[in-house]
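# Report on the structure
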Amino acid sequence: MTDQYNESRAGAGSVRDGENAAPRTRLRDRDAELRSVEAAVDKLCRDFAAGGTEIGELLAFSGRPGIGKTSLLHEVRRIAKLREGATVLFARGGERQFKEPYHVLRQLLQPALTSLAADEFRQVMGTWEEVVGPAMGLKQPKAGARRLDPQGVRDGLDYVLTQLAPRRAPLVMIVDDLHWADAESLSWLTQFAVRSRELPVLLVFAFREDENDWPAGILDHRKDVLGRATRKHELNRLSLVSVTDMIRAELGDKAEDAFCYEFWNVVNGNPFEAVALLDQVRDQDLEPVEENSQQLRELAVDATGMTLKSWLDRLGASTLRFAWACAMLGTDIRVDLATRISTQSAEGARDSIKQLRKQRVLTQTPNGNLEFVHPLIGSSIYNTMPEATRTGMHGVAAAEIENAGLGLLAASRHLVETFSGEGDDRTVRKLRRAAAEHLLIGAPEAAQRCLHRALNEPPADDLKAEVLYELGCSALLTDPVATVNQLKLALDPDEVPLRPALRVDATFRLSEVLAHSGELRQAALVCQEEAEHTVDPDGRRRLQAASFMWHAFRKSEEDGPGRSARLGEMCEGLAGREAVGRDAADRAVLAMRAWDLTLRGKPSVDALAHADAVLDAGRLPKGLGWTDSTWGFELPSMLGLTYTYNDRIAQAERLFADAIIQFEVAGWSGAHRGFAYFLMGLARFRRGLLAEAEDFLRRALRLSERIGPKLPLAWDAVGVLADTLLARGRVEEAWELASSFGFQPPYHATAMVLPDAASLYGKLLIAMKRHAGAAAALTEAGAQLEARGWHNTVWAPWAGHLAIAIAADEPDRAREYAQKAVHDARTFGTASAIGTALRLHAQIEDGQQAVELLEEAVMHLGQSPAGYEHAVALVDLGAALRRVGRLEDAQEYLYQGIELAQHCSAEGLVEQARRELANYGLRPNRLGLADFRETLSKPEWDVATRAVQGLPPQRIAEELGVHLSLVNRRLAAVYRKAGSGPDGLASALGLPVQPRQTARHEGEPEDGAGA
């Protein structure tokens, strides 16, 4: 009860909506707002009863302090509770609690979540229990739990509400004093305002309109709320008639019109100020006549701007001290805590409460706790506290809250308000512990407030650098600039040095943030320089490895081959060492060497041997996990990339799927999960699952843009996404996307390796038939890659594309580049690398030579997981065979290419193949026929009919005079088109079932053997 209490005691009559309805207070001059509330609640309930689910709305009320927002929300609660089946959740922001993380959301959601049965609770929480549970105060974080990403908590809350809302629908969620909501709650509420439209939820927010009433740092949310509201109301001042009614209800009908008019002018129609001034008029026994109206302004100053003297005069010292304790606690005030903070006896506290209720300062809530009649009264009382008294009472409050078992999280907001300047070690320890607990629930800003306060205490000289280190790490997931600044201070040589292990970790963290911000050279140098002074072998090796890693990601490098050689020296003997003898640092070096060998195009078997030596039974070892804090996610990323580009894509996908799960479980929903999506998108692209690749890459891009503009993650995602769009035939869309992110000279984006940008730019230009520009870009890419010693033709196939770009004008030089690409691919040795290089080479050759190159390309790509590349080679081979007059073979390969391209969602390639068929009198539409048999080529029919007869593949190959591998590929195509295995093939083809051949050929198992 706040504004509603004031208005009711001022003479508003009670009204009943029905015989069994609760009495309500008539709200003056709020008819339009109440009609809007009724309409919104009725619509929610009516649409839900009709089966609607995506029916959510946001109803926003704004106005000046004391204008009656809380009274209106009280009426909203009453109206919603009267609707059968509706669930009403309520919370209120508090001026003293806006720095307490998740304060509003805990009020809002705890009652609903704790009321769920155990099974239903598990269903609602899903896999987010360890993320949302601690943040909502429903459970303690698990021992050894990692810090939560705030975005992860928000994502978890999204999931929980999408599960809770339908179970408790129709759901009305009301938040009063939104301008005082904590940043963590407000951030989620403003995001959820959009999501709520998809749910049976009515959001009702009330807040102050004036920007000056919003705490710094959260003002942007005000615009978001107003922009997303479907119904908006700014509450106006009360009319003269309404204020006159209030005056005469309180003072009697003798109140003169002139007095009432002046009274209305003084309070400007504000109901809170009207009630406060009425109290003063009554206490002063002022007659409500015209000649006394001049005194109203003076009385109003005392009524609304209560000074320490006026509160002392009104309450007395003892009662005022109890009121101070209540003001410090904010909302939902526990009597026992207020009693101890005010240092009163139980009897003294009872007397104070009685007096404060009599003076209409406090009221009692249904749960027995206390609340200020209006938040403005609490603010007024708090602001009258002398500074020394306030600091001391905050210290007492922190201790009493902790002693009451409410924990450091609740006590910490009081601790940060204390200040001694005497370097109290106990206070510093508590603030550091509180910061650690805040990080465990995804509240880094609260952690930083604690650590800043600890620095101001100040800590002992030998601990100052540690506190700076913790402060830097606390912003690791949210504020890179703050992290860099604090970690540089922690590493300052003029400070008492960090312990060696922390110094190594602080250096690594600093390099990590610099690298993620695009400062790769600086990141590498930071580790390199610190490694030179690090005595501990493990720490030195960690920093050296990190330096190598950041150099590898740079746009350019002064000594790429030299760095690779030094990395090789570090790696000598590690791969052959027994697994039990390899620690995490050894495995980290092996992972980097595997990626280095991959980029250099060295034999794939060597890179894979190093990569396999990193894993334990195919899984990441302890210390190198995706969420491990020692090495970061870059090391497992390198390992997954190694598998991706070495044709072990299934292994890579298992690693990347594990990354997505681990980041979700850990609540890391920012750049970490975005990068996992990017990696999975890359693997899907390499496998040829283009639609899935596009989905993952767009998810990564959305997450990146949510964090900030054009981050390294966005650069990575856009590069592969543009490649994916090219593969799907959407050339213009790929060009626009790449251009918007700087994939053209002068290559403005800073995060990715420059040759990769130039290589993609060249491919885009070739797709657009702009070969001159493509040649320049690809030449630049090749020069830089060659200088670094990077010859991997899959990661950057610049030479093959350059050959295509210059073939018309410089055929001999083009052939040299194409042959170089094939040579480098054969050195690397993977089937996809060789097949793709041969396919690109074939594009600059004619006649039988092109056919032979493409036949070999198809053979290699058919043995690789690169589905899209295989489809392109099949279509190219079909076209080449048509050009030399082998139309029947051309038809077979074109149809195989179409089928595989459709499987890959390569729509552009499908159209290209169908045009090739149509242009030469073949049947481009057969795949659209209902009878799949029309889609089988003659060679496929030949193998299918023999398979139905029971002939094994080897015998079929002998009869047809073709290779066994070709028979197996044709059979695979038949089974795929038929939707059946060998046993059902005859029926699918409409052929009689033949008895199985019983003759056994060499190499075939006896019946049952090998089953």
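These remarks concern the structure in this document.

Thresholds applied
- Residues numbered from 1 in each chain as written.
- Predicted model: local features only at pLDDT ≥ 70, side-chain atom pairs only at ≥ 80, totals over all residues.
- Heavy atoms only, no water.
- Helix = DSSP H or I, 4+ residues; strand = E, 2+ residues; numbered from the N terminus.
- Buried < 20%, exposed > 50% of the residue type's maximum accessible area, 1.4 Å probe, protein only.
- Contact = heavy atoms within 4.5 Å.
- Areas by Shrake-Rupley, 256 points an atom, 1.4 Å probe, with all protein chains shown as cover.
- Lys, Arg positive; Asp, Glu negative; His and termini not counted.
- Charge placed at Lys NZ, Arg CZ, Asp CG, Glu CD.
- Phe/Tyr/Trp six-rings, centres within 6.5 Å; stacked < 30°, edge-to-face > 60°.
- Core = buried A, V, L, I, M, F, W, Y, C linked by side-chain atoms within 4.5 Å.
- Pairing = 2+ DSSP bridges.
- Axes fitted to C-alpha atoms, helices over the stretch in contact; angles between N-to-C directions.
- 1 Å grid on protein atoms, 1.4 Å probe; cavity = no way out; pocket = protein on both sides within 12 Å on 5 of 7 lines; lining within 4 Å.
- Points joined across faces, edges and corners; volume = space filled by probe spheres on them.
- Nonpolar A, V, L, I, M, F, W, Y, C, P; charged D, E, K, R; others polar.
- Parallel < 35°, antiparallel > 145°, perpendicular 65-115°, else oblique.
- Left-handed = near helix turned anticlockwise from the far one by under 90°.
- Patch = residues over 30% accessible without salt bridge, like charges linked within 9 Å, V, L, I, M, F, W, Y side chains within 5 Å.
- Salt bridge = Lys/Arg side-chain N within 4 Å of Asp/Glu carboxyl O.

### With respect to the overall build of the protein chain
If you tally the helices and strands in the protein chain, you get 49 helices and nine strands. If you line up the protein chain on its principal axes, its C-alpha atoms span 115 × 70 × 60 Å. Buried residues in the protein chain amount to 57% of all 1011 residues. Contacts in the protein chain between residues at least 24 apart in sequence constitute 67% of all its contacts with a sequence separation of at least 6. As displayed, the protein chain has an accessible area near 41900 Å², and 48% of this comes from carbon and sulfur atoms. Placing the 119 positive and 142 negative side-chain charges of the protein chain at their respective mean positions leaves the two points 2 Å apart.

### Some words on the environment of Glu437
Mapping Glu437 onto the fold places it in helix 21 (residues 425-440). Look at Glu437 and you get partly exposed, because its relative accessible area is 28%. Along the primary structure Glu437 and Leu408 are separated by 29 residues, whereas in three dimensions their C-alpha atoms are 8.0 Å apart. Sequence-distant contacts of Glu437, defined by excluding residues within four places in its chain, comprise Leu408 and Leu409.

### Notes on the packing of aromatic side chains
Centre-to-centre distance and the angle between the planes together describe a pair of aromatic rings. Summed over the entire model, instances satisfying the criterion amount to 15 aromatic pairs. Centre to centre, the rings of Phe633 and Phe663 are 6.5 Å apart; their planes meet at 85°, and the pair counts as edge-to-face. Of this pair, Phe633 sits in the loop between helix 30 (604-614) and helix 31 (634-645) while Phe663 sits in helix 32 (residues 649-666); the two residues are 30 residues apart in sequence, bridging distant segments of the chain. With a relative accessible area of 9%, Phe633 lands in the buried category.

### Structural notes on the nonpolar core
Core analysis: the largest hydrophobic core is formed by 212 residues, its most contacted members being Phe322, Phe372, Ile381, Trp550, Trp626, Leu639 and Phe678. Ranked by residue count, the leading element in this core is helix 35 (residues 712-727), at eleven residues. Look past the residues within four positions of Trp550 in its chain and what remains in contact with it is Ser511, Glu512, Ala515, Leu520, Ala523, Ala524, Cys527 and Glu634. Val104, Leu178, Phe192 and Trp214 belong to the second largest nonpolar core, which has 49 residues in total.

### A short note on the sheet that holds strand 3 (residues 57-63)
A sheet is described by the order of its strands in space; here five strands give the open sequence 4-5-6-3-7, paired in parallel fashion. Where the open sheet ends on each side, the last strands, each with one partner, are strand 4 (87-92) and strand 7 (231-234). On average, adjacent strands in this sheet sit at an angle of 10° to one another, irrespective of strand direction. Pairing between strand 5 (residues 171-176) and strand 6 (residues 201-208): five bridges, direction parallel.

### Quick look at the pairing of strand 4
Each regular strand displays side chains that alternate between the two surfaces of the sheet. Along strand 4, six of the six residues are buried, which leaves the element largely enclosed by surrounding structure. Side chains of strand 4 alternate between two faces, with Thr87, Leu89 and Ala91 and Val88, Phe90 and Arg92 buried alike. Two strands pair when backbone bridges link them, and strand 4 and strand 5 are joined in this way by six bridges, in the parallel orientation. Each residue of the ladder has a partner; that of Val88, found in strand 5, is Val172.

### Describing empty space enclosed by the protein
Taken as a whole and assessed by the stated rule, the structure comprises eight cavities of 30 Å³ or more. Quantified by volume, the largest cavity comes out at close to 190 Å³. If you go around the largest cavity, you meet 18 residues; those closest to its centre are Gly330, Thr331, Phe372, Pro375 and Gly378. Secondary structure elements with two or more residues in the lining of the largest cavity: strand 9 (370-372) and helix 18 (375-383). In terms of residue count, helix 18 provides more of the lining of the largest cavity than any other element does, three residues in total. Classifying every residue of the lining of the largest cavity gives four nonpolar, nine polar and five charged. Counted as a void, the second largest cavity has a volume near 70 Å³. The wall of the second largest cavity is formed by Lys99, Glu100, Pro101, Leu409, Ser412, Arg413, Val416, His438, Ala446, Arg449 and Cys450. Where the lining of the second largest cavity is concerned, the elements lending two or more residues are helix 20 (407-415) and helix 22 (444-456). Residues of the lining of the second largest cavity, tallied by class, amount to five nonpolar, two polar and four charged.

### Quick word on the packing of helix 40 (residues 811-828) against helix 41 (residues 831-842)
Where helix 40 contacts helix 41, the axes come no closer than 8 Å and their chain directions differ by 170°. Accordingly, the angle class assigned to the pair helix 40 and helix 41 is roughly antiparallel. Residues Arg815, Ala818, Gln819, Ala821, Val822, Ala825, Arg826 and Phe828 of helix 40 form the contact with helix 41, whose participating residues are Ala833, Ile834, Ala837, Leu838 and His841. Looking at the contact of helix 40 with helix 41 residue by residue, the classes come out as nine nonpolar, two polar and two charged.

### Comments concerning unusual backbone geometry
When glycine is set aside, most residues are seen to have a negative phi, and most peptide bonds are trans. Here the bond from Ala169 into Pro170 is cis, since omega is -10°, no more than 30 degrees from zero. With respect to the helices and strands, Pro170 occurs in the loop between helix 7 (150-167) and strand 5. At the junction of Glu457 and Pro458, the peptide bond is cis and its omega measures out at 0° in the coordinates. Looking at the element boundaries, Pro458 is found in the loop between helix 22 and helix 23 (461-474). For Tyr102, which is not glycine, the phi dihedral falls at a positive 60°. Residue placement: Tyr102 occurs in the loop between strand 4 and helix 4 (103-114). By relative accessible area, which is 2% here, Tyr102 ends up buried. Residue Arg360 is not a glycine yet carries a positive backbone phi of 55°. Checked against the element boundaries, Arg360 lands in the loop between helix 17 (346-358) and strand 8 (362-364).

### So, the packing of helix 27 (residues 537-552) against helix 28 (residues 560-571)
The interhelical angle for the contact between helix 27 and helix 28, taken along N-to-C directions, is 145°, at an axis separation of 11 Å. Relative to helix 28, helix 27 is oriented so that their crossing is left-handed. Residue-level inspection shows Arg541, Gln544, Phe548, His551 and Ala552 of helix 27 in contact with helix 28, the latter providing Arg563, Arg566, Leu567 and Met570. For the contact of helix 27 with helix 28, a count of residues per class yields four nonpolar, two polar and three charged.

### A short note on a negative patch on the surface
A grouping of Glu422, Asp424, Asp425, Asp461 and Asp462 is seen on the molecular surface, where their side chains present a negatively charged patch. Its place among the elements puts Asp425 in helix 21. The exposure class of Asp425 is partly exposed, given its relative accessible area of 40%.

### Examining the pattern of salt bridges
Any two side chains of opposite charge can pair if their charged atoms end up close together. Overall, the coordinates contain 73 salt bridges when judged by the stated rule. Residues Arg593 and Asp596 are paired through a salt bridge, measuring 2.7 Å at the closest nitrogen-oxygen approach. Remark: Asp596 and Arg593 occur in helix 29 (residues 584-600); sequence separation between them is three residues, near one turn of the helix. Summarising the burial analysis for this pair, Arg593 and Asp596 share the class buried. Put simply, Arg684 and Glu692 hold a salt bridge, and the shortest N to O gap is 2.6 Å. Its relative accessible area of 37% is what places Glu692 among the partly exposed residues. One connected set of salt bridges, linked through shared partners, spans Glu694, Arg698, Arg728, Arg730, Glu733 and Glu907.

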